[in-house]
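Remarks on the overall topology
Okay, here's what each chain looks like letter by letter:
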Amino acid sequence: MFLSSYENNIDKKGRVSVPASFRSYLSNLGYNGVICFPSFNYQSIEAWPQDRIEKISNSIDNLNPFDEKRDVFATSVLSESINLQFDSEGRISLTEKLLKHAKIKKSMMFVGQGKTFQIWEPALFEKFKATARKKSNLNRASLKWEQQLNK
């Protein structure tokens, strides 16, 4: 799983080191990179393993091929996605388009989201985190635990 948050700087060549624990998780899944696309909801970058993108792609493919929703989702997610491979030192180079969307200039925050992670401009993430904490506190009762039955 992708857990915790890490801040890393962009080097002079525009590369950033992906946290070692994130790379290790991806490697255990059989990947040497990550798929990134602009977030729908925030000024951040979504970063997903290949299998999660394939799941979204399959979901889009299951829509009626003549339904506008299919084209909208395919355009918004798949056409905006980029497969970024790790270099020998575990770095990726995010595109200018992605960096501009997230307002990232010098450093970025890698934020674990369980099966995915996000990349944020650090100050924007701190503001979001404060709001998220308040909303989580208000909505905590809606988070349900599934009961496992012993068979």
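What counts as what
- Residues numbered from 1 in each chain as written.
- Predicted model: local features only at pLDDT ≥ 70, side-chain atom pairs only at ≥ 80, totals over all residues.
- Heavy atoms only, no water.
- Helix = DSSP H or I, 4+ residues; strand = E, 2+ residues; numbered from the N terminus.
- Contact = heavy atoms within 4.5 Å.
- Areas by Shrake-Rupley, 256 points an atom, 1.4 Å probe, with all protein chains shown as cover.
- Lys, Arg positive; Asp, Glu negative; His and termini not counted.
- Charge placed at Lys NZ, Arg CZ, Asp CG, Glu CD.
- Phe/Tyr/Trp six-rings, centres within 6.5 Å; stacked < 30°, edge-to-face > 60°.
- Buried < 20%, exposed > 50% of the residue type's maximum accessible area, 1.4 Å probe, protein only.
- Axes fitted to C-alpha atoms, helices over the stretch in contact; angles between N-to-C directions.
- Parallel < 35°, antiparallel > 145°, perpendicular 65-115°, else oblique.
- Left-handed = near helix turned anticlockwise from the far one by under 90°.
- Nonpolar A, V, L, I, M, F, W, Y, C, P; charged D, E, K, R; others polar.
- Salt bridge = Lys/Arg side-chain N within 4 Å of Asp/Glu carboxyl O.
- Pairing = 2+ DSSP bridges.

Another point: the overall build of the protein. The helix and strand tally for the protein stands at five helices and eight strands. Across the protein, helices and strands are ordered from the amino to the carboxyl terminus as β-β-α-β-β-α-α-β-β-α-β-β-α. The C-alpha extent of the protein, read off along each of the three principal axes, is 50 × 40 × 35 Å. Taking the intrachain contacts of the protein between residues at least 6 apart in sequence as the baseline, contacts between residues at least 24 apart amount to 60%. Carbon and sulfur atoms make up 50% of the accessible area of the protein, which amounts to about 10400 Å² in all. Seen as two clouds, the 23 positive and the 16 negative side-chain charges of the protein have centres 8 Å apart.

Summed over all chains, the structure comprises eleven aromatic pairs. Aromatic pair Y6 and F22: ring centres 5.5 Å apart, planes at 90 degrees, arrangement edge-to-face. Of this pair, Y6 sits in strand β1 (residues 5-9) while F22 is found in helix α1 (residues 20-28), placing the two residues 16 residues apart along the sequence. What makes F22 buried here is its relative accessible area of 0%.

Packing of helix α2 (residues 50-61) against helix α3 (residues 68-78) leaves a shortest axis separation of 9 Å and a crossing angle of 160 degrees. Taken together, the axis directions place α2 and α3 in an arrangement best described as roughly antiparallel. In the packing of α2 onto α3, the handedness of the crossing is left-handed. In this structure, α2 contributes I53, I56, S57, I60 and D61 to the contact, and α3 contributes R70, F73, A74, V77 and L78. Grouping the constituent residues of the contact of α2 with α3 by class yields seven nonpolar, one polar and two charged.

The next point concerns the pattern of salt bridges. Going through the model one piece at a time under the given rule, you end up with eight salt bridges. Residue E89 pairs with R91 through a salt bridge whose shortest N-O separation is 3.7 Å. Since its relative accessible area comes to 52%, E89 is described here as exposed. For R91, a relative accessible area of 16% translates into the label buried.

Spatially, β1-β7-β8-β4-β3-β5 is the arrangement adopted by the six strands of the open sheet, whose pairing is antiparallel. Of all the strands in the sheet, just β1 and β5 (82-85) have a single pairing partner and so form its edges. Strand-to-strand twist of the sheet, defined as the mean angle between neighbouring strand axes without regard to direction, takes the value 30 degrees. Note that strand β4 (residues 45-48) and strand β8 (residues 117-120) share three bridges and pair antiparallel. Counted as the bridge partner of E46 is Q118 from β8. In the packing of α2 onto the sheet, contacts are made with β3 (33-38), β4 and β5, and the angle to β4 comes to roughly 105 degrees. Lying on the sheet, helix α5 (residues 122-139) is in contact with β1, β7 (107-112) and β8; it crosses β7 at an angle near 35 degrees.

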